[in-house]
Amino acid sequence: MARHTSLSGFPEWLPSKQLVEDQVLDHLRRSFEIHGFSPVVTRAVEPVEQLLSKGETSKEIYLLSRLQAEENEDAQLGLHFDHTVPLARYVVENAGHLTFPFKRYAIGRVWRGERPQEGRFREFIQADVDVVGDGQLALHHDLELPLVMADALGSLPLPKLTIHTSNRKIAQGFYEAIGIADIAETLRIVDKLDKIGPKAVAEQLVQSGTTEEQANQALALAEISGGVEVADRVLALGARSELLDEGLDELVYVLEGGQEMSPGSIVADLKIARGLDYYTGTVYESLLEGHEDLGAICSGGRYDSLASSGKKTYPGVGLSIGVSRILSRMISSEALTVTRQSPTTVLVAVLNEDQRRESELIARALRARGIATDVSPGSQKLGKQIRYADRRTIPYVWFPDSGEVKDIRSGEQIPADPETWVPAREDMRPILMGEQ
């Protein structure tokens, strides 16, 4: 017998809330495919060595000891914590069967061993889009990806999305120019700016080996945000390097394209560094207006050397939506709901158990034409069957004896043929709704 057991960090929804999640995921799939991306599902399990190769810490990985013992005593196996690291392996293993640039999307669960809190889970859903090239990847994909996300999330009933972008070449080139030795550590510390504030960042930078002047210069760079004018503001700080200039050119390209294609969706924010080691150029973090406390709900960037077969390198650029992070806030606050709590459109009444087969045949005819239909579980009085449909928010009840269908919301009842009748378009399935 099952007992109530609460496990933090592993969200479960009631049916009406699950419909919200399903509607969002279906919308994202359609959006990604409209933009030319193909679905790819990678295995949930990877060698820990592969998972750790991109700079993640081992304490975040769920190990699979039994599977590890069965497969290979020497190889540690773990659940993947994102869709990007598995993509690197997938591309190398299947390169001969892929057409480049390879555009894929992945929607599925990932697992991360971190402390649960609002918007952070141990098991959660991410939705990724990536473009991977063979040897090289054109810069225009750095613009394409945030525009895809702006369309996908912007067409959901959500608050306004703003994609904040930077380029790691800017920070790296700037740090080199001012003489900072440990650039990777500096990037990781600056990436904490929103979480711990400038004073704590400056202290950690000095502790890591920078001078106070270098720490102040790094913070001055991180404070720059806005539109294409940010390039002049960076140059006004006085540091110059070839890598810095290259990063500024790439950032301006993304900003100018964003302003033309989707005004207001993409802004520069030079404090963004992204903590993972594999990012090499453009980086992104996206915020929802009014829910900035959730942090980045969509993030990613360019990774020029994530995937390599030894002889070939496969550069890529990708963005990942924290679907569970968004939905945990929107569902709990009822900012996202559906028009009804059940996917069923029609309940076919049962007059008595001897005539149940007649009701089932009607349901079969309706289902064959794509109308979600259920058959009443009992043959009580029709009033009780109607109340059952009402409790489940099923909009129509079908009466086999009279050959009529009733809209139980309006009370309208009309003659109908199961081979031709169709419900109102808005009643075919639950519709996702935003906050009124």
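Residue numbers restart at each chain and count upward from 1, following the sequence in its written direction. pLDDT decides what is reported in this predicted model: residues at 70 or higher carry local features, side-chain atom pairs at 80 or more are listed and counted, and totals for whole chains, interfaces and linings draw on all residues regardless. Hydrogens and water molecules were not included; the side-chain quantities draw on all heavy atoms of the structure.

### What about the sheet that holds strand β13 (residues 346–348)?
- One bridge is not enough; two strands pair if DSSP finds at least two bridges between them. In DSSP terms, a helix is any run of H or I states spanning at least four residues, a strand is any run of E spanning at least two, and both are numbered starting from the N terminus. Here we have five strands laid out as an open sheet, ordered β14-β13-β15-β16-β17, and mixed in their pairing. Each end of this open sheet is capped by a strand with a single partner; those strands are β14 (373–375) and β17 (413–415). For this sheet the average axis-to-axis angle between neighbouring strands, irrespective of direction, equals 25°.
- Any pair of residues with heavy atoms lying within 4.5 Å of one another is described as a contacting pair. Between the N-to-C directions of two axes lies an angle of 0 to 180 degrees, each axis being a line fitted to C-alpha atoms and, for a helix, fitted only over the stretch in contact. Sitting on the sheet, helix α13 (residues 356–368) is in contact with β13, β14 and β15 (396–399), with an inclination near 175° to β14.
- Docked against the sheet, helix α14 (residues 382–391) engages β13, β15 and β16 (404–407), running at close to 150° with respect to β15.

### Quick notes on the environment of Val267
- One can find Val267 in strand β8 (residues 266–269).
- The partly exposed category is assigned to Val267, whose relative accessible area is 23%.
- With 37 residues separating them in the primary sequence, Val267 and Val230 have C-alpha atoms 9.9 Å apart.
- Once you skip the residues sitting within four places of it in the chain, Val267 turns out to touch Thr162, Ile163, His164, Thr165, Gly226 and Leu255. Think of it in three bands: with a 1.4 Å probe and only protein chains considered, a residue is buried below 20% of the maximum accessible area for its type, exposed above 50%, and partly exposed in between.

### Quick word on the packing of aromatic side chains
- In this analysis, rings of Phe, Tyr and Trp, with Trp reduced to its six-membered ring, are considered paired at centre separations within 6.5 Å, and the interplanar angle assigns stacked below 30 degrees, edge-to-face beyond 60, and tilted for intermediate values. If you walk through the whole model with that rule in mind, you get six aromatic pairs.
- Ring centres 6.4 Å apart and planes at 20° place the aromatic pair Tyr90 and Phe102 in the stacked group. Here Tyr90 is found in helix α4 (residues 84–94), whereas its partner Phe102 is found in strand β4 (residues 102–111), with twelve residues between them in sequence.
- With relative accessibility at 8%, the residue Phe102 sits in the buried group.
- On the basis of an interplanar angle of 80° and a centroid distance of 5.6 Å, the ring pair of Trp398 and Trp421 is categorised as edge-to-face. In this pair, Trp398 sits in strand β15 while Trp421 sits in the loop between β17 and β18 (432–434), placing the two residues 23 residues apart along the sequence. Of the two residues, Trp398 and Trp421, neither departs from the other in class, the shared state being buried.
- Cation over ring: Lys103 sits above Phe37, and NZ or CZ is 4.7 Å from the ring centre.
- By definition here, charges over rings are those cases where NZ of Lys or CZ of Arg is within 6 Å of the ring centre and within 35 degrees of the ring normal. One Lys or Arg, Arg409, reaches over the ring of Tyr396 and ends 5.5 Å from the middle of that ring.

### Digging into the pairing of strand β11 (residues 313–322)
- Judged by how many residues are buried, β11 sits mostly within the fold: nine of ten residues are covered.
- Relative to β11, strand β5 (residues 123–132) runs antiparallel, the two sharing seven bridges. Bridged to Gln126 within β11 is Gly322.
- The pairing of strand β10 (residues 298–308) with β11 spans eight bridges and is classified as antiparallel. Among the inter-strand pairings, Ser308 is bridged to a residue of β11, identified as Thr313.

### Some words on unusual backbone geometry
- For the peptide bond that leads from Phe100 to Pro101, omega is -5°, which places it in the cis range.
- You can see Pro101 is positioned in the loop between α4 and β4.
- With a phi close to 60°, Glu334 is a non-glycine residue in the positive phi region.
- Considering the arrangement of structural elements, one finds Glu334 in the loop between α12 (323–332) and β12 (336–338).
- In the Ramachandran plot, Thr393 falls in the positive-phi region, its phi being about 55° despite a non-glycine side chain.

### Notes on the nonpolar core
- Residues belong to a common nonpolar core when they are buried Ala, Val, Leu, Ile, Met, Phe, Trp, Tyr or Cys residues joined through side-chain atoms within 4.5 Å. Formed by 77 residues in total, the largest nonpolar core has its most connected members in Leu28, Phe32, Leu153, Tyr175 and Ile321.
- With eight residues, helix α5 (residues 140–154) is the single largest residue contributor to this core.
- Grouped together as the second largest cluster of nonpolar side chains are 21 residues, Val48, Phe81, Tyr303 and Tyr314 included.

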